[in-house]
Each structure stands twice: as C-alpha cells, then as structure tokens.
Amino acid sequence: MSSTPTPYNEALAAAQPRLAPREQEVLRHIAAGRTYAQTARRMGLSQHTVDAYLRRIRTKLGINSTAELMRLAITLGL
C-alpha cells in the first residue's frame, strides 16, 4: 500500500489543530445530521453564520464537497 499523501489525508492531519472550537462545534452538529437552522438555533447563531463557519472550514482544509467534509468529521470523531 502506498504512503503517498492524498489531499484528504493532508486535510485530516491538519484539521483539529487548525479548527477553532466554534468551527469544530458547527462541524459536529452538521455531522450529527442537523440542518443549518437546527445548528444555528442550538448554538445561538444565525444560519448565515453557520454557513460562514462551514465555508471557512472548507477553505482552511482545502475541502470542496459536503461529502468530504462529513467524512472528515466522522474520521475525527466529531
């Protein structure tokens, strides 16, 4: 098996130290299957802010799809 780094593995390695606590919390809620509205309500935020956190996470980690984002959250145990 090759040990060549993939974009996903690189994102995984960099994820937790680079994500702010609120970003991790938003990701945890979304990975648990909550909608943006449910997440916003539970965290006392607007839906726009939840979306902004998720866009920031994608940018920081070089993730392009929601599927990749969810895979990362599950792998991190969020």
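Just so it is clear, the model here is predicted, and its values are computed rather than measured.

**Some words on the nonpolar core**
Then, number 1: Ranked by internal contacts, the top residues of the largest apolar core, which has 18 residues, are Val26, Leu27, Leu54, Ile57 and Leu69.
Then, number 2: For this core, the secondary structure elements donating two or more residues are helix 2 (21–31), helix 3 (36–43), helix 4 (47–61) and helix 5 (66–75).
Then, number 3: With 5 residues, helix 4 is the largest single contributor of residues to this core.
Then, number 4: Non-local contacts of Leu69, meaning those with residues more than four positions away in its chain, are made with Leu27, Leu54, Ile57, Arg58 and Ile63.

**Section: helix 5**
Then, number 1: Restricting attention to buried positions, one finds in helix 5 the residues Leu69, Met70, Leu72 and Ala73. Buried positions in helix 5, seen along its axis, are confined to an arc of 160 degrees and lie on one side of it. Away from the buried face of helix 5 by more than 90 degrees, exposed residues Ala67 and Ile74 are located.
Then, number 2: In the stretch just after helix 5, Gly77 is the one whose phi turns positive, near 75 degrees.

**Quick notes on the pattern of salt bridges**
Then, number 1: Summed over the entire model, instances satisfying the criterion amount to 4 salt bridges.
Then, number 2: Where Arg56 meets Glu23, a salt bridge forms, and the shortest distance between an N and an O atom there is 3.6 Å. Linking Arg56 in helix 4 with Glu23 in helix 2, this pair joins segments that are 33 residues apart in sequence.
Then, number 3: Note on Glu23: relative accessible area 1%, which makes it buried.
Then, number 4: One salt bridge connects Arg55 with Asp51, and the closest N-O pair in it is separated by 2.9 Å. In this pair, Arg55 and Asp51 both sit in helix 4, 4 residues apart, roughly one turn of the helix.
Then, number 5: Since its relative accessible area comes to 40%, Arg55 is described here as partly exposed.
Then, number 6: Members of the salt-bridge network, linked through shared partners, are Glu23, Arg56 and Lys60.

**Structural notes on the environment of Ala32**
Then, number 1: Structurally, Ala32 is set in the loop between helix 2 and helix 3.
Then, number 2: Ala32 gets classed as exposed once you look at its relative accessible area, which sits at 53%.
Then, number 3: Distance in space between the C-alpha atoms of Ala32 and Met70 is 9.2 Å, their sequence separation being 38 residues.

Definitions and limits used
Residues numbered from 1 in each chain as written. Predicted model: local features only at pLDDT ≥ 70, side-chain atom pairs only at ≥ 80, totals over all residues. Heavy atoms only, no water. Core = buried A, V, L, I, M, F, W, Y, C linked by side-chain atoms within 4.5 Å. Buried < 20%, exposed > 50% of the residue type's maximum accessible area, 1.4 Å probe, protein only. Helix = DSSP H or I, 4+ residues; strand = E, 2+ residues; numbered from the N terminus. Contact = heavy atoms within 4.5 Å. Arc of directions from axis to C-beta. Salt bridge = Lys/Arg side-chain N within 4 Å of Asp/Glu carboxyl O.

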